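# Inside the fold
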Amino acid sequence: MGRAIVCLVALALPAFAYAEDLADTTVNDPAKIRAAITRAIPPLEAGSRGSAENRKCFTCHSQALPVMALHAAKGKGFPIDEANLQRQIKHTRDFLQTGEKNYLQGKGQGGQVLTAGYALWMLAAAEQPPDDVTRAVANYLLSYQNNEERWQHRGKRPPSSGSDFTASFTALRGLQAYAGEELQPQLTARKEVVAKWLQKTEAKDTEDRVFRLRMMQMLDFPPVAIEKERGAIAALQREDGGWSQTGELESDAYATGSVLAALLDAGVIVDDEVVRRAVKYLLDTQQEDGTWHVSTRAIGFQEYFESGFPHGEDQFISIAASSWAMWALVKTLPEKD
């Protein structure tokens with residue numbers, strides 16, 4: 001789809017000046033960005049590896065987001081542990097395969113649409129070809145909640161669990177990659193229904209806004225509508241250059257990384273001041289071990305275990321945040337020659 005690339009400075013930023021930021025040459029220094037990415041890769045690999053060793057299930061925080069971030073880094077020339085990457089892909093596919101019968105019966109697996117959607121999005125990002133398992137999951141996604149205006153996941157583990165925008169985007173993203181030719185009429189009809197819901201439904205928090213913007217692009221909303229949505233998100237950037245998950249919370253790497261990645265994917269240029277300030281925030285808040293620490297808001301329900309990623313009981317939100325942060329930084333770098 002066509003995308004208008006605009007500068008958001010006049011449209012979205014508060015009136016106060018950022019002369020100090022403009023003078024800071026570290027903001028868009030590719031060497032510093034590359035160094036930050038290089039430091040972030042080992043803990044993401046360790047956390048994904050440890051999760052797969054301790055749990056048979058696929059998780060959005062420890063498989064989907066790290067794999068997508070690592071695969072993106074690989075595409076920009078960063079060395080990664082290829083064996084671990086392939087293991088995470090196999091771990092995900094094997095998990096889906098254990099539920100293949102349930103998918104064919106329209107029952108799904110734990111996590112329902114969010115698990116199915118994130119898993120297919122991850123496999124697509126890792127350039128995995130369609131097969132019987134992905135077809136079963138795609139059929140499930142089209143049949144699941146097909147009497148609703150959108151997909152829902154009634155989880156209570158914010159920020160990623162509980163947003164209808166996230167659930168709907170991940171479902172559509174998975175279907176975009178793995179709905180075969182025979183499912184295209186059903187997918188087209190479902191897109192039309194979701195688009196009508198999207199037009200009339202406002203976002204409530206940053207997670208909603210990120211995936212509302214992503215869905216608007218996927219559903220080919222007019223460029224002027226996408227530009228307006230970009231501006232609305234950019235206007236919520238904090239003075240420190242970051243974004244917060246909600247209006248009551250402080251800026252953090254999960255919100256900032258997910259917003260920055262979405263804005264870049266939506267056509268905001270790397271030299272835009274919104275991007276420059278967000279990059280600086282991420283560089284400034286990365287810890288010495290290469291991670292970003294974010295405090296959890298979710299109520300735990302699974303037996304605690306150490307995955308190999310730091311931050312104790314905050315490890316799941318922190319590995320998701322570190323994945324978004326690294327992925328966003330990767331997106332600021334030029335394509336590999």
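Residues numbered from 1 in each chain as written. Predicted model: local features only at pLDDT ≥ 70, side-chain atom pairs only at ≥ 80, totals over all residues. Heavy atoms only, no water.

A few words on the overall build of the protein. If you tally the helices and strands in the protein, you get 15 helices and two strands. Counting every position in the protein, which comprises 337 residues, the buried fraction comes to 56%. In the protein, once contacts between residues fewer than 6 apart in sequence are set aside, the share between residues at least 24 apart is 73%. Accessible surface, the protein as shown: approximately 14600 Å² in total, 51% of it carbon and sulfur. (Helix = DSSP H or I, 4+ residues; strand = E, 2+ residues; numbered from the N terminus. Buried < 20%, exposed > 50% of the residue type's maximum accessible area, 1.4 Å probe, protein only. Contact = heavy atoms within 4.5 Å. Areas by Shrake-Rupley, 256 points an atom, 1.4 Å probe, with all protein chains shown as cover.)

What follows is about the nonpolar core. By size, the foremost hydrophobic cluster in this structure holds 101 residues, and its most contacted members are Ile37, Tyr118 and Met326. The biggest single contributor to this core is helix H15 (residues 315–331), with eleven residues. Leaving out residues up to four positions away in the same chain, Met326 has contacts with Ile37, Ala40, Ile41, Leu44, Ala69, Leu70, Ala73 and Trp292. (Core = buried A, V, L, I, M, F, W, Y, C linked by side-chain atoms within 4.5 Å.)

The subject of this paragraph is the pattern of salt bridges. What the rule picks out here adds up to 13 salt bridges. One salt bridge in this structure joins Lys90 and Asp94, with 2.7 Å as the shortest N-O distance. A residue pair is termed a helical-turn pair when its members lie 3 or 4 positions apart in one helix, as Lys90 and Asp94 do in helix H5 (residues 82–98) at four residues. Residue classification places Asp94 among the partly exposed positions, given a relative accessible area of 29%. Members of the salt-bridge network, linked through shared partners, are Arg214, Asp265 and Lys331. (Salt bridge = Lys/Arg side-chain N within 4 Å of Asp/Glu carboxyl O.)

Taken as a whole and judged by the stated rule, the model has ten aromatic pairs. Judged by centre distance (5.2 Å) and plane angle (70°), the rings of Tyr103 and Tyr140 are edge-to-face. Remark: Tyr140 occurs in helix H8 (residues 132–143) and Tyr103 occurs in helix H6 (residues 100–104); sequence separation between them is 37 residues. Here Tyr103 falls in the buried class, since its relative accessible area comes to 1%. On the numbers, 6.1 Å between centres and 45° between planes, the contact of Trp121 with Trp327 is tilted. Here Trp121, found in helix H7 (residues 112–125), pairs with Trp327, found in helix H15; they are 206 residues apart in sequence, far enough to count as distant. Taken as a pair, Trp121 and Trp327 share a single burial class, namely buried. (Phe/Tyr/Trp six-rings, centres within 6.5 Å; stacked < 30°, edge-to-face > 60°.)

Time to look at helix H12 (residues 223–234). With twelve residues, H12 should reach 16 Å at 1.5 Å per residue; the first-to-last C-alpha distance of 16 Å fits that figure. Among the residues making up H12, those that are buried are Ile226, Glu229, Arg230, Gly231, Ile233 and Ala234. (Expected span 1.5 Å × (residues − 1).)

It is worth spelling out the side chain of Gln315 at this point. Positionally, Gln315 belongs in helix H15. Reaching out from Gln315, the side chain makes a polar contact with the side chain of Ser307 at a distance of 2.7 Å. (Polar contact = N/O pair within 3.5 Å; in protein donor to acceptor, adjacent residues only side chain to side chain.)

This part is about the packing of helix H10 (residues 184–200) against helix H11 (residues 206–218). In the contact formed by H10 and H11, the axes pass within 11 Å of each other and the chain directions differ by 135°. The angle between H10 and H11 falls in the class oblique. In the crossing of H10 with H11, the sense of the turn from one axis to the other is left-handed. On the side of H10, the interface is formed by Val194, Trp197, Leu198 and Gln199, while H11 contributes Arg212, Met215 and Met216. Looking at the contact of H10 with H11 residue by residue, the classes come out as five nonpolar, one polar and one charged. (Axes fitted to C-alpha atoms, helices over the stretch in contact; angles between N-to-C directions. Parallel < 35°, antiparallel > 145°, perpendicular 65-115°, else oblique. Left-handed = near helix turned anticlockwise from the far one by under 90°. Nonpolar A, V, L, I, M, F, W, Y, C, P; charged D, E, K, R; others polar.)

Further remarks concern the packing of H5 against H7. Look at H5 against H7: their axes get within 10 Å of each other, and the N-to-C directions meet at 140°. Looking at the two axes, H5 sits oblique to H7. Judged by the sense of rotation from one axis to the other, the crossing of H5 with H7 is left-handed. Between H5 and H7, the residues in contact are Gln88, Ile89, Thr92, Phe95 and Leu96 and Thr115, Ala119, Leu120, Met122 and Leu123, respectively.

Moving on to H7. Its 14 residues place the ends of H7 20 Å apart at the C-alpha level, agreeing with the 20 Å of an ideal helix rising 1.5 Å per residue. Extensive coverage of H7 is indicated by the burial of twelve of its 14 residues. When we look at burial in H7, the residues that qualify are Val113, Leu114, Thr115, Ala116, Gly117, Tyr118, Ala119, Leu120, Trp121, Met122, Leu123 and Ala124. Looking one or two residues past H7, Glu127 carries a phi angle of roughly 65°, positive in sign.

In short, the description is geometric, and any link to function would need to be established separately.
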